[in-house]
Amino acid sequence: MDKQDLNYKEYVEIAEGVYWVGFFDERAGLHCNPYLIVDGGEAVLIDSGSREDFSTVMLKVMRTGTIPGQIKRLIYQHYDPDLCGNLPHIETLINSRDLKIISHYENNIFINYYSMCSPKLCIEQMGFHYEFGNGRRLEFIRTPHSHSPGSFVTYDTKTKILFSSDIFGSYDHDWDLYTLIGSRCMDCEPEMVCPVTQRLCQIKGIMNFHKRTMPSKRALRYALERIEELDISMIAPQHGSILDTPEAQKAVIKRLKELENVGIDYFLKEERS
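Below or above, wherever it landed, is the structure these notes cover. (Residues numbered from 1 in each chain as written. Predicted model: local features only at pLDDT ≥ 70, side-chain atom pairs only at ≥ 80, totals over all residues. Heavy atoms only, no water.)

Thoughts on the side chain of Thr66
Quick note on the threshold: We count a stretch as a helix when DSSP gives it H or I for four or more residues in a row; a strand needs E for two or more, and each element gets its number in order from the N terminus. Contacts between residues were defined by any pair of non-hydrogen atoms, one from each residue, lying within 4.5 Å.
Structurally, the position occupied by Thr66 is in the loop between helix H1 (54-63) and strand E5 (71-75). The contacts of Thr66, once residues within four sequence positions are left out, are Leu36, Val38, Ala43, Val61 and Ile71.

Take a look at the structure:
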């Protein structure tokens, strides 16, 4: 299937047993991407989504053949409502004592305000990893202050997919699940419309998102350096498009490491102008 001609009313299998179960709204400028991992009859849902997206997300989950009770863990990589808003509804539907929530301690303080029903597991007390019953391993890498104190990313050692939360996110008014970014974007001057694709510039959307959302260049650079240590097949962010080629990953990492005026510096520059 053409990666740029997908039916977003259905789930999309991005790797064996890994599904995008998000909600597409052509009017939105910030698309949210929950992901489901299914292995050995057990499932994990990452950054499940907002309250309004609940019915769409869970319908897509069930269309993969996953019964809600198979979801044993909900992973929340920070605590924003676009990730956690539908948590109470998901808990009610799953209705299982086996369900547990995984996040960092700093996040769980706030996640408790969405729901206190399910036990909260802290990644720092889990040795920064989770194993499925059949041994599949998810590793958690801390990316503090990118953009919250307890932020982290999740690495699936089986598929080598990095679920990057807000890092590599983007503002997109012309959205596709898979990026159009290539090696040509490494040193281009971002414009409103890409002269090659004739679409809105995805690099520009990513840069604007990080300038506004990340608190500082130092925090962002720390996260990027940790990510560069990994052997990655694709990067699946919670906002924006999946970076599914080495060329796209290298281009975006390069542009983000070069980024100036991030967070408070962006604000101060805007205030002075």
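Description of the packing of helix H5 (residues 202-213) against helix H7 (residues 246-257)
Worth spelling out the cut-off: Axis definition: a line fitted to C-alpha atoms, limited for helices to the stretch in contact. Angles are taken between N-to-C directions and run from 0 to 180 degrees. An angle below 35 degrees is read as roughly parallel, one above 145 as roughly antiparallel, one from 65 to 115 as roughly perpendicular, and any other as oblique. Whether a crossing is left-handed or right-handed is set by the direction in which the near helix is turned from the far one by less than a right angle, anticlockwise for left-handed and clockwise for right-handed. Residues are grouped as follows: Ala, Val, Leu, Ile, Met, Phe, Trp, Tyr, Cys and Pro are nonpolar; Asp, Glu, Lys and Arg are charged; all remaining types, including Gly, are polar.
In contact at an axis separation of 11 Å, H5 and H7 are set at 40° when each is read in the N-to-C sense. When the interaxial angle is binned, H5 and H7 end up oblique. Where H5 crosses over H7, the two elements pack in a sense that is right-handed. When H5 is examined against H7, the residues Ile203, Ile206 and His210 are found in contact with a partner set consisting of Val252, Arg255 and Leu256. Of the residues assigned to the contact of H5 with H7, the class counts are 4 nonpolar, 1 polar and 1 charged.

Describing the packing of aromatic side chains
Two numbers describe a pair of aromatic rings. These are the distance of the centres and the angle of the planes. The condition is simple: Two aromatic rings from Phe, Tyr or Trp, using only the six-membered ring of Trp, form a pair when their centres are within 6.5 Å; if the ring planes differ by under 30 degrees the pair is stacked, by over 60 it is edge-to-face, and anything between is tilted. Note on exposure labels: buried denotes an accessible area under 20% of the residue type's maximum, exposed denotes more than 50%, and partly exposed covers the range between, all computed with a 1.4 Å probe on protein chains only.
All told, the structure shown has 11 aromatic pairs when counted by the stated rule. An angle of 25° between the planes, with centres 5.4 Å apart, marks the rings of Phe24 and Trp175 as stacked. Here Phe24, found in the loop between strand E2 (18-20) and strand E3 (35-39), pairs with Trp175, found in the loop between strand E11 (161-165) and H5; they are 151 residues apart in sequence, far enough to count as distant. Its relative accessible area of 31% is what places Phe24 among the partly exposed residues. Taken together, the ring pairs in this structure connect Tyr8, Trp20, Phe24 and Trp175 into an aromatic cluster.

Here we look at a nonpolar patch on the surface
Short version of the rule: Distance thresholds for patches are 9 Å for like charges and 5 Å for nonpolar side chains (Val, Leu, Ile, Met, Phe, Trp, Tyr), applied to residues having over 30% relative accessible area and no salt bridge. Only the protein chains shown count as cover for residues, with accessible areas throughout obtained via the Shrake-Rupley method and a probe of 1.4 Å. Any Lys or Arg side-chain nitrogen found within 4 Å of a carboxyl oxygen on Asp or Glu counts as a salt bridge.
Residues Tyr105, Ile109, Phe110 and Tyr113 make up a contiguous nonpolar surface patch of about 480 Å² in total accessible area. If you trace the backbone, Tyr105 turns up in helix H4 (residues 105-111).

As for the pattern of salt bridges
Using the criterion set out here, one finds 13 salt bridges in the structure. For Lys158, the salt bridge is made with Asp39, and the minimal N-O distance between the two is 3.3 Å. Within this pair, whereas Lys158 is found in the loop between strand E10 (152-156) and E11, its partner Asp39 is found in strand E3, the two being separated by 119 residues in sequence. Here Lys158 falls in the partly exposed class, since its relative accessible area comes to 49%. By relative accessible area, Asp39 is classed as buried at 11%.

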